[in-house]
Amino acid sequence: MVHSCCVYKCHNRASKDSKITFHSFPSKNHKDRFDAWVRAVHRQTETGRLWIPSSHHKVCSEHFLESDFKPNTNIRSLKENSVPSVFPHHPSHLQENVKTPRPGPKKRGCSSASQDESEIARKLFIHDHNYFFESPEKRIKLLENNVNALERNLKECKAENKNLKERLKRRDAKCLNLINLLKEERVISEEKAALLDYNFDKESLALIQNELDAKNTSPNNHTYSEIVKSFAVTVHFYSPQAYDYLRKFFHLPSSSTIRR
């Protein structure tokens, strides 16, 4: 497998004659070092999330300082706390201003381990922000597309809500007309009509309306409302025997019609 650098706009690939070396990201078990490398590389997925490397991704040696490497080794390897910090193709606001510090007097008791910790802390401070490579125009366009999609969904939901309200209004009107019809035909009294409206749901009133309609039409010409159809299918699904029993008292579709 030919190694290549995963850094933005870096096209280095491993070859026999090249002196460039390639280095894997720290293990995810060392979360602090792994996160420091991810923030330093500053890559982003197509969905705008922070890019997470796999075990196959590499960073080439051109993105490290010379002081990041172990001295006097046959195989060029990084120090334990090294973090990539050289990114010539990053936007200017992501560039790290690398200066050669003026050597100062050595302090007693200052070990190489403490110096390495100071170096990684400095780099973590520099790279600890959430900027990405995409231009502000591209991110604004993405947000506008999301807003437009939400507006379309909201419009569709409002239209569906309006349609449901109209259907409920028509159903309530039919139920009220049924009660008035029963009162006019002197089938029920004013008191019983009010009691019927208060205690029975819309499905029960729809069954009553179905019985009244069935008396005025022939079996072949009789049509069933959606509420009655839904009621018939539900009862038949749970118990075909119970449904056949109900058909002795109510005008309901035949079992063969429901199965179709």
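Residues numbered from 1 in each chain as written. Predicted model: local features only at pLDDT ≥ 70, side-chain atom pairs only at ≥ 80, totals over all residues. Heavy atoms only, no water.

### Quick look at the overall build of the protein
Okay, step 1: Of the regular secondary structure elements, the protein holds 8 helices and 2 strands.
Okay, step 2: Element order for the protein, N to C, with α for helix and β for strand: β-α-β-α-α-α-α-α-α-α.
Okay, step 3: Counting over 260 residues, the protein shows a buried share of 25%.
Okay, step 4: Counting contacts in the protein only where the partners sit at least 6 residues apart, residues at least 24 apart contribute 57% of the total.
Okay, step 5: For the protein, the accessible surface area stands at approximately 19800 Å², while carbon and sulfur atoms represent 53% of it. (Helix = DSSP H or I, 4+ residues; strand = E, 2+ residues; numbered from the N terminus. Buried < 20%, exposed > 50% of the residue type's maximum accessible area, 1.4 Å probe, protein only. Contact = heavy atoms within 4.5 Å. Areas by Shrake-Rupley, 256 points an atom, 1.4 Å probe, with all protein chains shown as cover.)

### Details of the environment of T21
Okay, step 1: With respect to the secondary-structure elements, T21 resides in the segment before β1 (22-24).
Okay, step 2: Placed 40 residues apart in sequence, T21 and S61 show a C-alpha to C-alpha distance of 5.3 Å.
Okay, step 3: Setting aside its immediate chain neighbours within four residues, T21 contacts V59, C60, S61, F69 and R76.
Okay, step 4: A polar contact is formed between the side chain of T21 and the side chain of H23, at a distance of 2.8 Å. (Polar contact = N/O pair within 3.5 Å; in protein donor to acceptor, adjacent residues only side chain to side chain.)

### Description of the environment of H90
Okay, step 1: Inspection of the secondary structure assignment puts H90 in the loop between β2 (58-60) and α2 (112-127).
Okay, step 2: Separated by 48 residues in the primary sequence, H90 and H42 have C-alpha atoms spaced 8.7 Å apart.

### Focus: the pattern of salt bridges
Okay, step 1: Under the counting rule described, the total for this entry stands at 3 salt bridges.
Okay, step 2: Across the pair K31 and D35 runs a salt bridge, and its minimum N-O distance is 2.7 Å. Within this pair, K31 and its partner D35 are both found in helix α1 (residues 31-41), separated by 4 residues, close to a single helical turn.
Okay, step 3: The partner of E66 in a salt bridge is R76, and the shortest N-O contact between them spans 2.9 Å. One end of the pair, E66, is in the loop between β2 and α2; the other, R76, is in the loop between β2 and α2, with 10 residues separating them in the sequence.
Okay, step 4: The class for R76 is partly exposed, based on a relative accessible area of 32%. (Salt bridge = Lys/Arg side-chain N within 4 Å of Asp/Glu carboxyl O.)

### A look at the state of the cysteines
Okay, step 1: Applying the stated criterion across every chain yields a total of 0 disulfides.
Okay, step 2: For the unlinked cysteine C5, the closest cysteine sulfur is that of C10, found at 3.6 Å. (Disulfide = S-S within 2.5 Å.)

### A look at the packing of aromatic side chains
Centre-to-centre distance and the angle between the planes together describe a pair of aromatic rings.
Okay, step 1: Under the criterion given, the structure shown has 6 aromatic pairs.
Okay, step 2: Consider the rings of F64 and F69, whose centres lie 6.0 Å apart with planes at 70°: the pair is edge-to-face.
Okay, step 3: Three or more aromatic residues joined by ring pairs form one cluster here, namely F25, F34, W37, W51, F64 and F69. (Phe/Tyr/Trp six-rings, centres within 6.5 Å; stacked < 30°, edge-to-face > 60°.)

### What about helix α6 (residues 226-238)?
Okay, step 1: In a regular helix each residue adds 1.5 Å, so 13 residues correspond to 18 Å; α6 covers 19 Å between its end C-alpha atoms and thus fits that length.
Okay, step 2: Within the sequence span of α6, burial applies to V228, A232, V235 and H236. Buried residues of α6, seen end-on, are gathered within an arc of 95° and therefore sit on one face of the element. Within α6, the exposed residues directed more than 90 degrees away from the buried face are E226, F237 and Y238. (Expected span 1.5 Å × (residues − 1). Arc of directions from axis to C-beta.)

### Brief notes about a nonpolar patch on the surface
Okay, step 1: On the surface, Y245, F249 and F250 cluster together into a nonpolar patch covering about 330 Å² of accessible area.
Okay, step 2: By secondary structure assignment, the location of Y245 is in helix α7 (residues 240-246). (Patch = residues over 30% accessible without salt bridge, like charges linked within 9 Å, V, L, I, M, F, W, Y side chains within 5 Å.)

### Section: the nonpolar core
Okay, step 1: Counting residues in hydrophobic clusters, the biggest one holds 20 residues, and the most contacted among them are C5, V7, F25, W37, V59 and F64.
Okay, step 2: For this core, the secondary-structure elements that each account for two or more residues are α1 and β2.
Okay, step 3: Top contributing element to this core by residue count: α1, with 6 residues.
Okay, step 4: In this structure V7 touches V41, V59, H63 and F87, once residues within four positions along its chain are discounted.
Okay, step 5: Formed by 7 residues, the second largest nonpolar core is a distinct cluster that contains A206, A232, V235 and L252. (Core = buried A, V, L, I, M, F, W, Y, C linked by side-chain atoms within 4.5 Å.)

### Describing unusual backbone geometry
Okay, step 1: Its identity is not glycine, yet H42 carries a phi of approximately 60°, on the positive side.
Okay, step 2: Looking at the element boundaries, H42 is found in the loop between α1 and β2.
Okay, step 3: Of note in the backbone geometry, N72 takes a positive phi value of approximately 55° without being a glycine.
Okay, step 4: The residue N72 is located in the loop between β2 and α2 in this model.
Okay, step 5: With a relative accessible area of 84%, N72 lands in the exposed category.

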